[in-house]
Amino acid sequence: MSHLKAKPDLGFWKLWNLSFGFFGVQIAYALQSANISRIFSTLGADPHKLSYFWILPPLMGIIVQPIIGFASDRTWNRLGRRLPYLLLGAAIAVIVMCLLPNAGSFGLSVAGAMAFGFIALMFLDTSINMAMQPFKMLVGDQVNERQKGLAYSIQSFLCNAGSLVGYLAPITLTAIGISNLAPEGQVPDTVTYSFYIGAAVLILCVIYSFLTIKEMPPKEYAAFHGITEAEKHQSSSVFTLLRNAPRTFWTIGLVQFFCWAAFMYMWTYTNGAIASQVWGTTETQTQAYQEAGNWVGVLFAVQAVGSVIWAMAIPLFKNHRVVYSLSLILGAIGFISTMFITNKYGLFASYVLIGCAWAAMLALPFTILTNSISGKNMGMYLGLFNGTICIPQIVAAALGGVILHLVGGSQVAMLVLAGIFLLIGAAAVWLIKETYAEKTAAK
């Protein structure tokens, strides 16, 4: 039995402030997601090797996020518990965002430019992971079970709002007259300036977070999470935590595997798929290919809009499994439909449906998981849970080139495969059984 102090309900704006910084972090993530394939293709990467560049982001995530979770569970200083890691991650991200799009502008050889870009991408994803993870933990730390669904839906909304800014930045800058073409081996100014803008917004969001978020002092945190003095001094290894992880951790992880493999193929192959399917080109130096690159940003923005709308509907469903499975089925329909659509505006419907899956992936796994684990190792468990996001991306990226050969080099076929993965994920949702750790502890 544990004397667990109930967390109070938080007002809307407190819930909003807990996640607002996610807006800036997500702009950086969206710029990375929508432009990495475009950047490396422009630098001269072979399409069959493109997926290998995508191994690095999830690989860094699987290393960094458990470390941040473990360290922040054991941190307390005048800046707080989670916020110091946000500050460090954001500072590194801002620097790298100003360097990455210039990989082809330093007079390096093609191989040198790609090596520079690869290293910059490693630092960018490491820093984005450091800045992103604290916001997930803060909701788990400070929000009661009744409000977690709303809190993660707010986080999903802000995430998608940030995505909109990141995705639409290149085409917006093109519309106001900034050049969308560049010399061979260099990245267009529209992409470079988009990264600069993203870095500036990220700085402002981090400042806002530090001014508005007040973390719980250690004694208060222990009271709200039922952590005894003895438990505070217990040391839990990664293997012990995994061995004692609730069944929910593993069943959600199975769903996550298929979901994140699907989205890895979307990020990797949408640019090439849309360029060939709608613009009829695979030549990266052509204006048509760069126009397709801008349109990918628009489609990802449409996906974000669909996700924002669907995120508002998700809390209306009482049964998490029903809405989770339904969302993934809608996303699967969106992916598969890209094979039959050659009109660039017709693809809006596909990406709205894909956005439904994305909204569910951002909100529901964390709602279900944080309800099932106690507060003592919240950060570490969330860090380990990030493995269910990273491992499928690593596997998908490692196999991407092989699968692309098997489908005859058709990048749109990779999007169809993404749809099949989501259908499998939708079926796996029904293996999840929700549990509530804090209610159990309070009995």
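Residues numbered from 1 in each chain as written. Predicted model: local features only at pLDDT ≥ 70, side-chain atom pairs only at ≥ 80, totals over all residues. Heavy atoms only, no water.

**Concerning the side chain of Gln147**
Line of reasoning, step 1. Among the secondary structure elements, Gln147 is positioned in helix H6 (residues 145–175).
Line of reasoning, step 2. Here Gln147 falls in the buried class, since its relative accessible area comes to 9%.
Line of reasoning, step 3. Those residues in contact with Gln147 that sit more than four places away from it in its chain are Pro8, Asp9, Leu10 and Leu15. (Helix = DSSP H or I, 4+ residues; strand = E, 2+ residues; numbered from the N terminus. Buried < 20%, exposed > 50% of the residue type's maximum accessible area, 1.4 Å probe, protein only. Contact = heavy atoms within 4.5 Å.)

**A word on the packing of aromatic side chains**
Line of reasoning, step 1. Per the stated rule, a full pass over the model turns up 27 aromatic pairs.
Line of reasoning, step 2. Here the aromatic rings of Phe22 and Phe135 are separated by 6.0 Å at their centres, their planes lie at 65°, and the arrangement is edge-to-face. Of this pair, Phe22 sits in helix H1 (residues 12–43) while Phe135 sits in helix H5 (residues 110–142); the two residues are 113 residues apart in sequence, bridging distant segments of the chain.
Line of reasoning, step 3. Here Phe22 falls in the buried class, since its relative accessible area comes to 4%.
Line of reasoning, step 4. The class for Phe135 is buried, based on a relative accessible area of 1%.
Line of reasoning, step 5. A cation over a ring is seen here: Lys344 above Trp295, with NZ or CZ 4.6 Å from the ring centre. (Phe/Tyr/Trp six-rings, centres within 6.5 Å; stacked < 30°, edge-to-face > 60°. Lys NZ or Arg CZ within 6 Å of the ring centre and 35° of its normal.)

**What about helix H17 (residues 411–428)?**
Since one α-helical turn is 3.6 residues long, residues separated by three or four positions face the same way.
Line of reasoning, step 1. Here H17 is 18 residues long and its end C-alpha atoms lie 26 Å apart, about the 26 Å a rise of 1.5 Å per residue gives.
Line of reasoning, step 2. Most of H17 is tucked away: 14 of the 18 residues are buried. (Expected span 1.5 Å × (residues − 1).)

**Things to note about the state of the cysteines**
One covalent bond between the sulfur atoms of two cysteine residues makes up a disulfide.
Line of reasoning, step 1. Taken as a whole and judged by the stated rule, the model has zero disulfides.
Line of reasoning, step 2. No disulfide involves Cys259; its sulfur sits 13 Å from the nearest other cysteine sulfur, which is in Cys356.
Line of reasoning, step 3. For Cys259, a relative accessible area of 0% puts it in the buried group.
Line of reasoning, step 4. Just so you know, Cys390 is unpaired, no disulfide at all, and the nearest cysteine sulfur is the one on Cys259, 14 Å from it. (Disulfide = S-S within 2.5 Å.)

**Side note on the nonpolar core**
The nonpolar side chains of a soluble globular protein tend to be buried with one another.
Line of reasoning, step 1. Formed by 138 residues in total, the largest nonpolar core has its most connected members in Phe263, Trp267, Tyr324, Leu328 and Tyr351.
Line of reasoning, step 2. Looking at this core, the element that brings in the most residues is H1, giving 17 residues.
Line of reasoning, step 3. Ignoring anything within four residues of it in the chain, the contact list for Tyr324 reads Ile252, Val255, Gln256, Ala360, Leu364, Pro365, Ile368, Val429 and Ile432. (Core = buried A, V, L, I, M, F, W, Y, C linked by side-chain atoms within 4.5 Å.)

**Structural notes on the side chain of Gln155**
Line of reasoning, step 1. Here Gln155 lies in helix H6.
Line of reasoning, step 2. Since its relative accessible area comes to 4%, Gln155 is described here as buried.
Line of reasoning, step 3. Only 3.0 Å separates the side chain of Gln155 from the side chain of Ser19, close enough to count as a polar contact.
Line of reasoning, step 4. Contacts of Gln155, omitting those with residues within four sequence positions, involve Ser19, Phe22, Phe135, Lys136 and Val139. (Polar contact = N/O pair within 3.5 Å; in protein donor to acceptor, adjacent residues only side chain to side chain.)

So, to be careful, I would describe these as geometric facts and stop short of saying anything about function.
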